[in-house]
Amino acid sequence: MPAVSYVAQQVQVAAEEWAAYDWAGRAIKRHRVEIRGAFGFRECTEEDQVQLAEWLAVELCGVELNRDRLAEAVVARCRKDRLEPPTPGRIARLVGSAVSTFEERFCAATVGRLSAATRSRLDDLIAEDVGRSRGN
């Protein structure tokens, strides 16, 4: 793996040490703190994730439908803001939450622009459709 060899050379450690590293122990937590400190990053908190989801819902979900690109935007924003990005699973949930928030707000704003008569007629159409699907 060229990337591992390159980094190993930079830090003057044998590339084979990569396989022996404990990726789940206390050492990795300490190393991550040290790396964040050295590069001026901080952990992404729950509050940060709420703000990222709101940013997505307001700024991007209206123009970007692809969830993978939304996730990429989260990672880019984290780097810009010097935050360690959340795990991929958390990012996926964050994106899902942002999309849901955007859709709910969009629908509410759209319905809010309709006249009372139009909303009533749409309600009647839905009621008719529900009645037909139940066999009534």
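On to a nonpolar patch on the surface, then. A cluster of nonpolar side chains, contributed by Y6, V7, V11 and V13, occupies part of the molecular surface with about 380 Å² of accessible area. With respect to the element layout, V11 can be found in helix α1 (residues 2-11).

Although it is not a glycine, Q12 sits at a positive phi angle of roughly 55 degrees. Along the chain, Q12 falls in the loop between α1 and α2 (17-20). Its identity as a non-glycine residue notwithstanding, R82 has a phi of 60 degrees, on the positive side.

Tallied over the full model, the rule gives 3 aromatic pairs. The interplanar angle of 65 degrees and the centroid separation of 4.9 Å between the aromatic rings of W18 and W23 together place this pair among those described as edge-to-face. Taking relative accessible area as the criterion, W18 reaches 47% and is therefore assigned partly exposed. For W23, a relative accessible area of 47% gives the class partly exposed. Seen from their ring centres, Y21 and W23 are 4.7 Å apart, and the 70 degrees between their planes marks the pair as edge-to-face. A network of ring pairs unites the aromatic residues W18, Y21 and W23 as a single cluster. For the cation-ring pair, R77 lies above W55, with the distance from its terminal atom to the ring centre recorded as 4.7 Å.

Bringing the packing of helix α4 (residues 46-60) against helix α6 (residues 88-113) into the picture now. At a minimum axis distance of 8 Å, the contact between α4 and α6 shows a crossing angle of 45 degrees. Between α4 and α6, the crossing angle belongs to the class labelled oblique. Crossing of α4 against α6: the hand is right-handed. Each of E46, Q49, L52, A53, E54, L56, A57 and V58 in α4 lies in contact with α6, whose residues at this interface are R90, L94, V95, A98, T101, F102 and R105. Grouping the amino acids of the contact of α4 with α6 by side-chain chemistry returns 9 nonpolar, 2 polar and 4 charged.

Further remarks concern the side chain of Q49. Relative to the helices and strands, Q49 resides in helix α4. A relative accessible area of 11% places Q49 in the buried class. Every residue in contact with Q49, bar those within four places of it in the chain, is listed here: C44, P86, R90 and L94.

Here is what the cut-offs are and how they apply
- Residues numbered from 1 in each chain as written.
- Predicted model: local features only at pLDDT ≥ 70, side-chain atom pairs only at ≥ 80, totals over all residues.
- Heavy atoms only, no water.
- Patch = residues over 30% accessible without salt bridge, like charges linked within 9 Å, V, L, I, M, F, W, Y side chains within 5 Å.
- Areas by Shrake-Rupley, 256 points an atom, 1.4 Å probe, with all protein chains shown as cover.
- Salt bridge = Lys/Arg side-chain N within 4 Å of Asp/Glu carboxyl O.
- Helix = DSSP H or I, 4+ residues; strand = E, 2+ residues; numbered from the N terminus.
- Phe/Tyr/Trp six-rings, centres within 6.5 Å; stacked < 30°, edge-to-face > 60°.
- Buried < 20%, exposed > 50% of the residue type's maximum accessible area, 1.4 Å probe, protein only.
- Lys NZ or Arg CZ within 6 Å of the ring centre and 35° of its normal.
- Axes fitted to C-alpha atoms, helices over the stretch in contact; angles between N-to-C directions.
- Parallel < 35°, antiparallel > 145°, perpendicular 65-115°, else oblique.
- Left-handed = near helix turned anticlockwise from the far one by under 90°.
- Contact = heavy atoms within 4.5 Å.
- Nonpolar A, V, L, I, M, F, W, Y, C, P; charged D, E, K, R; others polar.

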